[in-house]
Amino acid sequence: MRSRLLETRKAEGKSRTSHAQVVDDLGKAIVSGAFPIGSILPGDSELLQRFKVSRTILRESMKTLAAKGMVVPRARVGTRVTEKIYWNMFDNEVLNWHFESGIDKEFLLHLYDIRIAFEPFAAGLVADRASREDIDLLRGLASAMADPNHTSDSLAIADLHFHLAITEASQNPFMRSLGGLIEAALVGMFRMSAPPSTNGFSNIADTHMAIVDAIAAHDSLAARKAMEFVIVDGREHVLEAFAALADT
């Protein structure tokens, strides 16, 4: 279990392939609005000069963006930026580009909508299916959140490991695919907030341990409710953080 978004930031500046560079630059430009929805991307000749790549690399880069639902080629028109409803918001690169463009309240709240739709059910599945090893792992991960030396980043990672472990223990491959969304929501919440000792996160180990206790008791309903409480609480922290920003 790794923190992909945080690791991506730490890896910033490292060499990337020409294809990855073109995809990254164009993807960020689209998400940021530099290339607005409905607009036509610059023609091949302009992009080839801008990126100093071969026509093959440019073509493959456009195919990658099209696979993410962000652009669509039109004969005799050019490559058009699509509406957001067509973007693959489960894609880790698309999520990362949103963060690099600036954390947006609506974006984060949409993430929490998805979490509350799926994660309580995942916790219920774990209560029905968890092995003793699963429960021991989850209990250890919840306990790790009580470390008083956590920074906002390290607590975000500890929290992420717990929630990814829930998706793994659910034994449902579709739940596991939600890892990127969970990570984006948690990273966004903790990066917006003050250190955990001062912002109300001090009880995070207790609220997550309540999930583990319900799972250990094989109480599916209690596990769902405990997970729902954790996610709703996180959503409230997001709202509070944006309200504080608005007051400054």
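Residues numbered from 1 in each chain as written. Predicted model: local features only at pLDDT ≥ 70, side-chain atom pairs only at ≥ 80, totals over all residues. Heavy atoms only, no water.

Q: Quick one: what's the story with the overall build of the protein, residue by residue and with numbers?
A: Secondary structure assignment for the protein yields 12 helices and 2 strands. If you list the helices and strands of the protein from N to C, you get α-α-α-α-β-β-α-α-α-α-α-α-α-α. The proportion of buried residues among the 248 residues of the protein is 45%. Within the protein, counting contacts between residues at least 6 apart in sequence, those at least 24 apart form 74% of the total. Entry remark: accessible area of the protein is about 12,600 Å², with carbon and sulfur atoms responsible for 53%. (Helix = DSSP H or I, 4+ residues; strand = E, 2+ residues; numbered from the N terminus. Buried < 20%, exposed > 50% of the residue type's maximum accessible area, 1.4 Å probe, protein only. Contact = heavy atoms within 4.5 Å. Areas by Shrake-Rupley, 256 points an atom, 1.4 Å probe, with all protein chains shown as cover.)

Q: Go over the environment of glycine 234 with me, naming the residues and quoting the values.
A: The topology assignment puts glycine 234 in helix α12 (residues 220-247). Considered as a pair, glycine 234 and isoleucine 204 are 30 residues apart in the sequence and their alpha carbons are 9.8 Å apart. Ignoring anything within four residues of it in the chain, the contact list for glycine 234 reads Tyr112 and Met189.

Q: Describe the environment of alanine 226, naming the residues involved and giving the relevant values.
A: As for its position among the elements, alanine 226 is in helix α12. Sequence separation of alanine 226 and isoleucine 215 is 11 residues, and the distance between their C-alpha atoms is 9.9 Å. Residues contacting alanine 226, with those up to four places away along its chain left out, are Ala210 and Ile211.

Q: So what's going on with helix α7 (residues 132-144)? Residues and values would help.
A: The terminal C-alpha atoms of α7, which comprises 13 residues, lie 18 Å apart, in line with the 18 Å expected from a rise of 1.5 Å per residue. Buried residues of α7: Ile135, Leu138, Leu141 and Ala142, and no others. The buried side chains of α7 occupy one side of the element, clustering within an arc of 130° when seen end-on. Turning to α7, the residues buried within the fold contact α6 (105-129), α8 (152-169) and α11 (204-216). (Expected span 1.5 Å × (residues − 1). Arc of directions from axis to C-beta.)

Q: Let's hear about the packing of aromatic side chains: which residues, and what values?
A: According to the stated counting rule, one finds 1 aromatic pair in the structure shown. With a centroid separation of 5.9 Å and an interplanar angle of 80°, the aromatic rings of phenylalanine 99 and phenylalanine 107 are classed as edge-to-face. Residue classification places phenylalanine 99 among the buried positions, given a relative accessible area of 7%. You can call phenylalanine 107 buried: its relative accessible area is 11%. (Phe/Tyr/Trp six-rings, centres within 6.5 Å; stacked < 30°, edge-to-face > 60°.)

Q: Describe in detail the side chain of serine 220, supporting the description with residues and values.
A: Relative to the elements of secondary structure, serine 220 occurs in helix α12. Leave out the neighbours within four places in its chain, and serine 220 touches Gly124, Ala127 and Asp128.

Q: Give a description of unusual backbone geometry that names residues and reports values.
A: The backbone phi angle of lysine 52 is positive, close to 55°, even though this residue is not glycine. With respect to the helices and strands, lysine 52 occurs in the loop between α3 (44-51) and α4 (55-67). The phi angle at arginine 76 is positive, at roughly 65°, despite the residue not being glycine. Here arginine 76 shows up in the loop between β1 (71-74) and β2 (78-81). Arginine 76 gets classed as exposed once you look at its relative accessible area, which sits at 85%.

Q: Lay out the packing of α7 against α11 with the relevant residues and their values.
A: Relative orientation of the contacting elements α7 and α11 amounts to 170°, with a least axis distance of 8 Å. Relative to α11, α7 is oriented roughly antiparallel. Across from Ile135, Leu138, Arg139, Ala142 and Ser143 in α7, the residues of α11 making contact are Ala205, His208, Met209, Val212, Asp213, Ile215 and Ala216. The class makeup of the residues in the contact of α7 with α11 is 8 nonpolar, 2 polar and 2 charged. (Axes fitted to C-alpha atoms, helices over the stretch in contact; angles between N-to-C directions. Parallel < 35°, antiparallel > 145°, perpendicular 65-115°, else oblique. Nonpolar A, V, L, I, M, F, W, Y, C, P; charged D, E, K, R; others polar.)

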